[in-house]
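Residues per chain are reported as follows:
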Amino acid sequence: MKSVLIVMPTIGEVLQSYQLSRELNNLFHGNAIYAAVGDNDASAAANRIAGIEKVLVYDSDIKEDAEDLLSNADPLVIFFIENCYYPLLLIEAGKRNIITLLVSAAMNNAILHHPRYERCFTMDAYRMFSYVGVKSPGYRKDFVALGVEEEKIFVSGDLKMDMQRLSLTNTEEKEYRKKLGLQTMKVFIAGSISSDEIKPVMDTCKRLLTEKDNVKCIVAPRFLGDIKHLTEYADVLSVRTATKTALIDGLVERDRVDVILLDTYGELGKLYGLADAVFVGGTLMPFADKPLGQNILEPLFHGKPVVVGPNVKKDSDIIDRLKEFWPGVSIGNSEGLSESISFMLSNKAFKEDYAVVVRDLVKFGNNFEALTGKLSEIYDMIIRSERTC
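Residues numbered from 1 in each chain as written. Predicted model: local features only at pLDDT ≥ 70, side-chain atom pairs only at ≥ 80, totals over all residues. Heavy atoms only, no water.

Considering the arrangement of structural elements, one finds Leu-70 in helix α4 (residues 63-73). Overall, Leu-70 belongs to the buried group, its relative accessible area being 1%. Residues Leu-70 and Ser-3 lie 67 residues apart in sequence; the distance between their C-alpha atoms is 10.0 Å. Contacts of Leu-70, omitting those with residues within four sequence positions, involve Pro-75, Ile-78, Leu-89, Glu-92, Ala-93, Arg-96 and Ile-98. (Helix = DSSP H or I, 4+ residues; strand = E, 2+ residues; numbered from the N terminus. Buried < 20%, exposed > 50% of the residue type's maximum accessible area, 1.4 Å probe, protein only. Contact = heavy atoms within 4.5 Å.)

Laid out in structure tokens, this is it:
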């Protein structure tokens, strides 16, 4: 049985694959949906996606590995999420006449000059895609400039804004608050933080816990391996921590935990709905491999006040507009982080006004009709091809 293969090297691409996986399962009934991931963290997250039948590791883009992946997956069609990443895999797929799509695609100067994508540009990879689905119409010209024929380009929408994955129902919120001990608490969430941000984030948690009543913090590391380092530094600060899994399983008393460490992938976007204040990780001390920056839209989807560092490359226009409302949105150091989060937690009227500004500024609700239409077109093309063979 042939497969449909989704290439998702890191957690960022995995989180954009939920919507795509649902669409593909609805369309390709007789074909298995496979994922190709770049590391163990991405593998663990991909295994949480309903409808993914098999997760394959593809961590080195060399000809022999590309051939092995294609032989093992035997794909009818391959989807790349957001960017090329693996030009040799793309080339080998082309040799086998496999349809390839780049969806939720974006381009900016940071990508153009980032070492991670150098091979994609030097090998002229983008023009090899059968189709390119861009996040928004403004990206069309960027891919035309890279040699992609204009008729191959369509608007797929931004797969990060998957309403089903992000939405938090009233029932879910009550259940989370009960199991995590948040019913009467003000909640600070530091989402997807880098290893270098452990100290400033935990220092902020310590200050909030010392200066304010009824505060609980949730810290989500970008990599689960940092749970150990978070716990060790919390011990130095005499801050009580527990993983979210331990709390849900009843292994720890809820009222004996100050900081909850999120030890699962795929939940952060939904959990932002519990927050009273949010720090978007990777913006104070960024990740070397994230030229697009972290996703500020997930907490804004819930109308939550965010604080970011100076390293916001994507959606920086939104941050600029938010700074007009309140300059404390953007901070430059750990002291600024503590000050801004403390202010947010102390001012109910500010949070209400902020939510109104966000609703007026950012229009949520992604339209995936173009993506669905393109998938149907490709499916029909494949069926016609098989009937004539």
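Read on for the rest.
Looking at the element boundaries, Glu-92 is found in helix α5 (residues 87-95). In contact with Glu-92, not counting residues within four places along its chain, are Lys-63, Ala-66, Glu-67 and Leu-70.

All right, on to unusual backbone geometry then. Residue Glu-82 is not a glycine yet carries a positive backbone phi of 75°. With respect to the element layout, Glu-82 can be found in the loop between β4 (75-81) and α5. Given a relative accessible area of 6%, Glu-82 falls into the buried group. Phi at Asn-214 is positive, roughly 55°, even though this residue is not glycine. By the secondary structure assignment, Asn-214 is in the loop between α11 (198-211) and β9 (215-221).

Tracing the backbone shows Arg-254 in the loop between α13 (244-248) and β11 (259-261). Look at Arg-254 and you get partly exposed, because its relative accessible area is 38%. The spatial distance from the C-alpha of Arg-254 to the C-alpha of Leu-159 is 35 Å, given a sequence separation of 95 residues. Leaving out residues up to four positions away in the same chain, Arg-254 has contacts with Lys-178, Lys-179, Leu-180, Gly-181, Lys-216 and Leu-247.

Let's shift gears to the pattern of salt bridges. The full count for this structure, using the stated rule, is 21 salt bridges. Lys-95 is paired through a salt bridge with Glu-92; the nearest N and O atoms lie 3.1 Å apart. Placement of both Lys-95 and Glu-92 in helix α5 is noted, with a separation of 3 residues, approximately one turn of the helix. Glu-173 is the partner of Arg-177 in a salt bridge, and the nearest nitrogen-oxygen pair spans 3.0 Å. Of this pair, Arg-177 and Glu-173 both sit in helix α10 (residues 170-180), 4 residues apart, roughly one helical turn. Judged by its relative accessible area of 17%, Arg-177 falls in the buried class. Put simply, Glu-82, Lys-135, Asp-158 and Lys-160 are held in one network by salt bridges that share partners. (Salt bridge = Lys/Arg side-chain N within 4 Å of Asp/Glu carboxyl O.)

Of all hydrophobic cores here, the largest spans 65 residues; its most connected members are Phe-188, Met-202, Val-219, Phe-279, Leu-300, Leu-322 and Ile-341. Not counting chain neighbours up to four residues away, the residues in contact with Val-219 comprise Ala-190, Ile-193, Val-201, Met-202, Cys-205, Leu-230, Val-259, Ile-260, Leu-261 and Leu-262. Counting 37 residues, the second-largest nonpolar core is a separate cluster that includes Ala-93, Met-107, Tyr-126 and Val-132. (Core = buried A, V, L, I, M, F, W, Y, C linked by side-chain atoms within 4.5 Å.)

Buried within α4 we find Ala-66, Leu-69, Leu-70 and Ala-73. Buried residues in α4, looked at end-on, bunch into an arc of 95°, giving them a common side. As for α4, its buried residues are in contact with β1 (3-8), β2 (32-37), β3 (52-57), β4 and α5. (Arc of directions from axis to C-beta.)

One open sheet holds the 6 strands; their spatial order is β10-β11-β9-β8-β12-β13, and the pairing between them is parallel. In the strand order of this sheet, the two ends are held by β10 (241-243) and β13 (306-307), each with one partner. α11 contacts β8 (186-193), β9, β10, β11 and β12 (277-280) of the sheet and is inclined by roughly 170° relative to β9. Strand contacts of helix α17 (residues 334-346): β8, β9, β12 and β13, with the helix running at about 155° to β12, the strand carrying the most contacts. (Pairing = 2+ DSSP bridges. Axes fitted to C-alpha atoms, helices over the stretch in contact; angles between N-to-C directions.)

On to empty space enclosed by the protein, then. Under the definition given, this model contains 3 cavities of 30 Å³ or more. Here the largest cavity defines a volume of roughly 350 Å³. Leu-15, Ser-192, Arg-222, Leu-268 and Glu-298 are the residues nearest the centre of the largest cavity, which is lined by 27 residues in total. For the lining of the largest cavity, a count of residues per class yields 10 nonpolar, 11 polar and 6 charged. (1 Å grid on protein atoms, 1.4 Å probe; cavity = no way out; pocket = protein on both sides within 12 Å on 5 of 7 lines; lining within 4 Å. Points joined across faces, edges and corners; volume = space filled by probe spheres on them. Nonpolar A, V, L, I, M, F, W, Y, C, P; charged D, E, K, R; others polar.)

Further remarks concern the sheet that holds strand β5 (residues 99-105). An order of β3-β2-β1-β4-β5-β6-β7 is seen for the 7 strands of this open sheet, with the pairing classed as parallel. Strands with a single pairing partner mark the edges of an open sheet, and in this sheet they are β3 and β7 (153-155). When strand polarity is set aside, the average angle formed by the axes of neighbouring strands in this sheet is 25°. Across 3 bridges, strand β6 (residues 131-134) lies against β7 in parallel orientation. Looking at the pairing, Val-132 lines up with Ile-153 of β7. Packing of helix α2 (residues 17-27) onto the sheet brings it into contact with β1, β2, β3, β4 and β5, and relative to β1 it is tilted by some 175°.

This paragraph deals with the packing of α4 against α5. Put simply, α4 and α5 touch, their axes get as near as 9 Å, and they point 55° apart. The orientation of α4 relative to α5 falls into the category oblique. Considering how the two elements wind past one another, α4 and α5 form a crossing that is right-handed. From α4, Lys-63, Ala-66, Glu-67, Leu-69 and Leu-70 reach across to α5, where they touch Leu-88, Leu-89, Glu-92, Ala-93 and Lys-95. Residue composition of the contact of α4 with α5, grouped by class: 6 nonpolar, no polar and 4 charged. (Parallel < 35°, antiparallel > 145°, perpendicular 65-115°, else oblique. Left-handed = near helix turned anticlockwise from the far one by under 90°.)

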